[in-house]
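# Inside the fold
Below are the chains, spelled out letter by letter.
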Amino acid sequence: MFIFTAMTRQVKFGLMALVVCAGVLLAQTEPPVGIRQNTPSVHAFTNAKIVIAPGKTIEKGTMVIRDGIITEVGENVTIPQDARLWDMSGMTMYPGLIDSYSDVGVPKKPEPTRGGGEQEGGQRRQPQEPEQRGSKYWNSMVFSVLNADELFNVDAKAEEKLRGMGFTTALIVPQKGIFRGTSALFNLGDGKANDLLVKSHVAQQLAFESSSGDEYPNSLMGSIAQIRQTLLDAQWHRDAWAAATKYPTEPRPEYISDLSALEEVIARKQPVMFETGDELAILRAQAIAKEFNLNYMVRGNGYEYRRLEAVKQTGAPIILPINFPETPAVKTSEDAIGVTLQELRHWDEAPENPKRLQEAGVQFALTTSTLKDVGSFSANVRKAVERGLSADAALAALTTTPAKLFGVEKKLGTLENGKMANFFITDGELFNEKTKVYETWVDGKRYEVKAKVEYDVRGTWQAVLQHAPIDSLTMIVKGEADKPSGTAKAKGKDTKFSNLSISGRMFAGSFNGDSLGMKGVVRLSGTASGEMMTGTGELSDGTMFKWTATRTEPFKQEPDTSKPKPLQMASFPPVYPYGEFGRATLPIQPDKLLVQGATIWTSADQGILTNADLYIEK
C-alpha cells in the first residue's frame, strides 16, 4: 500500500511538471538561445489617478501587473512582495489607445499617376502587372487571400511616434487593390511580429479603387461592378465546391484561393470594412452590404455631416479619420477667388463632424488614417473636443469602441483585471493642450516617451554665500519642472536667471549680478537633496565661492487667469442635400425658392439642381 501511494504521488508530480513545461512551451515555440529565462515581471503603480474606462476614474489608486497582465486595480490594493514599486503621484494612467486603421509595417499604397488622383468615393492607382501566385482570381485588383499578419514588419520609427501619443495597439490594413485582404490587430512594441499579434483576420478590407490606365476596372462604376461580381463568384465557388464534396463523381470545379478566402465574409462570420472617400460612398457600401447580407463597417472620410441622417440610417460603425482641412488661403482677393464655397463650408464644419455623429448616436472609432503627419492627430482630437465632442466620447472612440468592434474587448480597452497591461501615463487630462505623455506600456513592457524629472527644483530658496560680495541670496524658481525659470533677489532688487536647468539632482544657473552687488555674470552649480542644495559659484573675474540653500516655500502653480476660449461653432448652419428628402418636381426660380417653409438656395443658372449646388436650410 505504501509503494502504491508513493508511485501515485510520483505520477502526479510528473503530470504537474509536464503541465508546467507545456505552459512554458506554449508561450515560446522557437528554441531559446542560451539558458531559458522565466523571471516574473511584477510592477505596482501607486498614488495614481487611474482612468479605468471612459467615465470611470479612481482619483488615487494602485494598479498591479504581472507578466503583462493586469492582476488588480483599485483604491485598496495589496501590493505583492515581489513587485517593483512606481510612485505615480501627480500622474494619470489611461488605457492604451487603439488606432483603428493603420498602414504601419505594410507596403504602402502606390502614388497615383498624374491626372489620376483620388476620385469621388474611391481612389485611383497605377496599373500593376498581375502577380503570378497560386490559384489567383482573374482580376489583378483582387487580393482577398492576403493577410496583414503575414505582411506586417515591425516599423520601429513609426511605432515610436504612435506610442508617443498613447497608442499601444493598431489595426494593420493591407493597402492595395479593391479586395485588399484581411486586417490584423498588432501591439505597437519591440520584438517579432509573432509576439505582437493580438488578433488576425479581423476584417476583409474593401476599397472603391480603380485603375488610371486601361486595366479593368478604370472607373468608379467598374469598381462597384467588380466588387459585386467577385462576391457573386465567391458564392458560386462556395456552392460548387460544396456540391463537388457531396457528389465526388461529378467534375471538380476550379479552385480559386481569392474566392475561397471570402467564404467567411459571405457567411457573415467575418466583417467587411469599406474604405470611403466621401459620404456618398458610405451609401454605396450600404447598398452592396444589403445586397449580399454582409456584416460591415466603413472607414469614414470626414464628410459624414453632409448626409448625417442617411449615414445614421445605415447603422454601420464608422472608423473615423480626424483629418481636418487646412485654413484656406484668402488673405487677398486673388487668393479668395480660387476658394469655393464648398471648400469654405467643409473647413468650417469638418471639426464638428465627430460631435454631430456623437449626437446622432452613430458608433464610431477614431483613427490616424489619411493624416499627412500622424503627429497632428492629438491636436485634431483636441479641436474636435473644443467643437463639442465630449472627452469621454473621444476616449471611448480610442479605447472601448474599437476593442468591441474588433472582438478584443476581453483583452483591451480598459484597465481591468485580466486584461493586457497596455496603458500610458500622462501629467494631466488627456485632451488638455499642455498635457504630456511620459510613458507607454505595451504588454507590460515600459517605453519611456519623456524622461520624468527626478527632482523638482521649483520653489523659493534662501541661499547663504561664503566668500562672495554678498552674504545671502533669494532664488525663486518656477516654470515647468523640466524647463525651470526664475529670478535671483538681493538688497531689495532682483534679476532674471538667463540659464537655469536641473539634470537629475544637479542644479545649474547663471544671472547678471550687477544690480545685486555682484559684478558681471554669476554662475551657480550644486546638488539637491531633500529641501537643501549645496554647491559652488563663480564670479565674472573667476573668483570661486561656496553656497548653501534651503527651500523656504514650496512651488505654487500660478492660477490660470486667461479667459476660457468661447465655443466657436460652425458659422454656417447645418445643411442637408436635397437627396435626403427625396426627389420632387418643383417650380424652380434661379436663385431662391420656398417649399413648405424650407428655404432652398441654388447656384444653378438654369434651375438645374445637383448635389453640388442645392442645399436645404432648416
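Here, the structure is the one placed above.
Conventions we followed
- Residues numbered from 1 in each chain as written.
- Predicted model: local features only at pLDDT ≥ 70, side-chain atom pairs only at ≥ 80, totals over all residues.
- Heavy atoms only, no water.
- Phe/Tyr/Trp six-rings, centres within 6.5 Å; stacked < 30°, edge-to-face > 60°.
- Helix = DSSP H or I, 4+ residues; strand = E, 2+ residues; numbered from the N terminus.
- Buried < 20%, exposed > 50% of the residue type's maximum accessible area, 1.4 Å probe, protein only.
- Lys NZ or Arg CZ within 6 Å of the ring centre and 35° of its normal.
- Pairing = 2+ DSSP bridges.
- Axes fitted to C-alpha atoms, helices over the stretch in contact; angles between N-to-C directions.
- Contact = heavy atoms within 4.5 Å.
- Parallel < 35°, antiparallel > 145°, perpendicular 65-115°, else oblique.
- Left-handed = near helix turned anticlockwise from the far one by under 90°.
- Nonpolar A, V, L, I, M, F, W, Y, C, P; charged D, E, K, R; others polar.
- Polar contact = N/O pair within 3.5 Å; in protein donor to acceptor, adjacent residues only side chain to side chain.

Once that is clear, we can look at the packing of aromatic side chains. Enumeration over the complete set of coordinates arrives at 14 aromatic pairs. Taking the centre distance of 5.4 Å and the plane angle of 85° together, the rings of Phe 497 and Phe 511 count as edge-to-face. Highlighted residues: Phe 497 in strand E24 (residues 493-503) and Phe 511 in strand E25 (residues 506-512), separated in sequence by 14 residues. Since its relative accessible area comes to 1%, Phe 511 is described here as buried. In this structure an aromatic cluster arises from ring pairing among Phe 45, Trp 86, Phe 423 and Trp 441. Sitting above the plane of the Phe 143 ring, Lys 136 keeps its charged end 4.9 Å from the centroid. Arg 163 extends its terminal NZ or CZ atom over the ring of Tyr 447, reaching a point 4.1 Å from the ring centre.

With that settled, consider the sheet that holds strand E10 (residues 184-187). Within the open sheet, the four strands sit side by side as E6-E8-E10-E11. Their pairing is mixed. Looking at strand neighbours, the two that pair on one side only are strand E6 (97-102) and strand E11 (197-199), the edges of this open sheet. Sheet twist, expressed as the average angle between the axes of neighbouring strands with direction ignored, equals 30°.

This part takes up the pairing of strand E21 (residues 459-466). Across six bridges, E21 lies against strand E22 (residues 472-479) in antiparallel orientation. In the sheet register, Ala 463 faces E22, and the bridge partner there is Leu 473. Where E21 folds back on E22, the antiparallel hairpin that results is connected by five residues, among which His 467 adopts a positive phi of roughly 65°. As judged from the eight bridges shared by E21 and strand E28 (residues 544-554), these two strands associate in the antiparallel manner. Along E28, the bridge assignment pairs Val 464 with Thr 548.

With that out of the way, let us pick up the environment of Ala 350. Within the secondary structure layout, Ala 350 lies in the loop between helix H11 (341-349) and helix H12 (353-360). Taking relative accessible area as the criterion, Ala 350 reaches 3% and is therefore assigned buried. Spatially, the C-alpha atoms of Ala 350 and Gly 302 are 6.4 Å apart, while their sequence positions differ by 48 residues. Look past the residues within four positions of Ala 350 in its chain and what remains in contact with it is Tyr 305, Phe 324 and Pro 325.

A word on the packing of helix H5 (residues 220-246) against helix H8 (residues 279-292). Angle between the axes and distance between the axes: these two values describe a pair of packed helices. Between H5 and H8, whose axes approach to 11 Å, the crossing angle comes to 20°. On the basis of the axis angle, H5 is roughly parallel to H8. Handedness of the crossing formed by H5 with H8: right-handed. Every residue of H8 that contacts H5 at Leu 220, Ile 224, Ile 227, Arg 228, Leu 231, Leu 232 and Gln 235 is listed here: Arg 284, Ile 288, Glu 291 and Phe 292. Its residues placed into classes, the contact of H5 with H8 shows seven nonpolar, one polar and three charged.

In terms of burial, H12 is largely enclosed, as six of its eight residues are buried. Residues of H12 that are buried: Asn 353, Pro 354, Lys 355, Arg 356, Leu 357 and Ala 360. If you follow the buried residues of H12, they end up packed against helix H9 (308-314), strand E16 (318-321), H11, strand E17 (364-367) and helix H13 (377-386). Backbone geometry just downstream of H12 places Gly 361 in the positive-phi region, at approximately 80°.

This part is about the side chain of Thr 414. By the secondary structure assignment, Thr 414 is in the loop between helix H15 (400-405) and strand E18 (423-426). The class for Thr 414 is buried, based on a relative accessible area of 9%. A distance of 2.6 Å separates a polar atom in the side chain of Thr 414 from a polar atom in the side chain of Glu 416. Of note is the side chain of Thr 414, whose polar atom sits 2.7 Å from the side chain of Lys 419. In this structure Thr 414 touches Ile 52, Ala 53, Pro 95, Thr 400 and Lys 419, once residues within four positions along its chain are discounted.

Here we take up the sheet that holds strand E9 (residues 179-182). Taken in spatial order, the six strands line up as E9-E12-E14-E15-E16-E17 in an open sheet, and their pairing is mixed. Pairing within the sheet leaves two strands with one partner each, and these edge strands are E9 and E17. The sheet shows a mean angle of 20° between the axes of neighbouring strands, taken without regard to direction. When strand E12 (residues 204-207) meets strand E14 (residues 272-275), the two strands line up parallel, connected through four bridges. Within E14, the position partnered with Gln 205 by the bridge is Met 273. Together, E14 and strand E15 (296-299) form the strand contacts of H8, whose direction differs from that of E15 by roughly 160°. Docked against the sheet, H12 engages E16 and E17, running at close to 155° with respect to E16.

Coordinates in, geometry out; function isn't part of it.
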